[in-house]
Amino acid sequence: MGQILAIDYGKARCGIAATDDMQIIASGLETVENRFLMEFLKKYFNENKVDEVVVGLPIDLKGNVSEVETDILKFIEEFKKEFSDIAVHRFDERFTSKMASFFISQSGKNKKKRQEKGLIDKVSATIILQNFLEQRLR
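Please read all numbers here as calculations on a predicted model, not as lab measurements. (Residues numbered from 1 in each chain as written. Predicted model: local features only at pLDDT ≥ 70, side-chain atom pairs only at ≥ 80, totals over all residues. Heavy atoms only, no water.)

Trainee: Would you mind showing me how to read the overall build of the protein chain here?
Mentor: When you go through the protein chain residue by residue, the secondary structure sums to five helices and five strands. N-terminal to C-terminal, the α/β element order of the protein chain is β-β-β-α-β-α-β-α-α-α. With 138 residues in all, the protein chain has 42% of them scored as buried. For the protein chain, the proportion of contacts with a sequence separation of at least 24, taken over those separated by at least 6, is 63%. Of the roughly 8100 Å² that the protein chain leaves accessible, carbon and sulfur atoms contribute 51%. (Helix = DSSP H or I, 4+ residues; strand = E, 2+ residues; numbered from the N terminus. Buried < 20%, exposed > 50% of the residue type's maximum accessible area, 1.4 Å probe, protein only. Contact = heavy atoms within 4.5 Å. Areas by Shrake-Rupley, 256 points an atom, 1.4 Å probe, with all protein chains shown as cover.)

Below is the structure:
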């Protein structure tokens, strides 16, 4: 069994999280600028067995898809060409950034660290992945 990787795809950078090999626990890995994402994934997949990827689906409170979705769909198309053997799932990412900010504030990090966007992206990816895992158990 391999890992499941989650990507919180943003306008400038992506938060990345992965499960353990038993697909039980989600952990934040990295924040990667979009332009380096495919390079990061190639290296990561060469070093780790990954079975599936979960990409956040940016939906607002009214149920509309965010404008970054166009970029996400392009990324997914490129991803499927490069890694055709890895399944891609989408998962609603509503409130993950707000939840990430809350969890970071509760962790005792100083204000500057709490406002660091890269940390929020990584924690958001972890939340997306953990929620994806929990939904599978239902």
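Picking up where we left off.
Trainee: I tried to follow a nonpolar patch on the surface on my own but got confused; where do I start?
Mentor: A contiguous nonpolar patch, built from M22, I24 and I25 and spanning about 330 Å² of accessible area, is present on the exposed surface. On the secondary structure map, I24 appears in the loop between strand 2 (13-19) and strand 3 (26-33). (Patch = residues over 30% accessible without salt bridge, like charges linked within 9 Å, V, L, I, M, F, W, Y side chains within 5 Å. Salt bridge = Lys/Arg side-chain N within 4 Å of Asp/Glu carboxyl O.)

Trainee: Even after reading the chapter, I still don't get the packing of aromatic side chains, so can you show me in this structure?
Mentor: For any two aromatic rings, the description comes down to two numbers: the centre-to-centre distance and the angle of the planes. As enumerated under the stated definition, the model contains seven aromatic pairs in all. Measuring from centroid to centroid gives 6.0 Å for F45 and F79, while their planes differ by 85 degrees, and the two rings are edge-to-face. Of the two residues, F45 sits in helix 1 (residues 37-47) while F79 sits in helix 2 (residues 69-82), which places them 34 residues apart along the sequence. Relative accessible area serves as the criterion here: at 13%, F45 is assigned to the buried category. Classification of F79 by relative accessible area gives buried; the value is 1%. Centre to centre, the rings of F45 and F83 are 4.7 Å apart; their planes meet at 85 degrees, and the pair counts as edge-to-face. Separated by 38 residues along the polypeptide, F45 in helix 1 and F83 in the loop between helix 2 and strand 5 (87-92) bring together distant segments of the chain. The exposure classification of F45 matches that of F83, with both residues buried. Members of the aromatic cluster, connected to one another through ring pairs, are Y9, F45, F75, F79 and F83. (Phe/Tyr/Trp six-rings, centres within 6.5 Å; stacked < 30°, edge-to-face > 60°.)

Trainee: How should the pairing of strand 2 be read in this particular structure?
Mentor: Residues in a regular strand point their side chains to alternate faces of the sheet. Extensive coverage of strand 2 is indicated by the burial of six of its seven residues. Across five bridges, the pairing between strand 1 (residues 3-9) and strand 2 is antiparallel. Counted as the bridge partner of Y9 is C14 from strand 2. (Pairing = 2+ DSSP bridges.)

Trainee: Mind showing me how you'd approach the nonpolar core here?
Mentor: Generally speaking, a soluble globular protein has its nonpolar side chains buried in company with each other. Membership of the largest hydrophobic core comes to 23 residues, with the highest contact counts inside it found for L5, I7, L41, F45, V53 and F75. Elements with a contribution of two residues or more to this core: strand 1, strand 2, helix 1, strand 4 (50-57) and helix 2. At six residues, helix 1 tops the list of elements feeding residues into this core. Not counting chain neighbours up to four residues away, the residues in contact with L5 comprise I16, A17, A18, L29, L41, Y44, F45, V50, E52, V53 and V54. In terms of nonpolar packing, the next biggest core, distinct from the first, is built from 11 residues, A17, F91, L129 and F132 among them. (Core = buried A, V, L, I, M, F, W, Y, C linked by side-chain atoms within 4.5 Å.)

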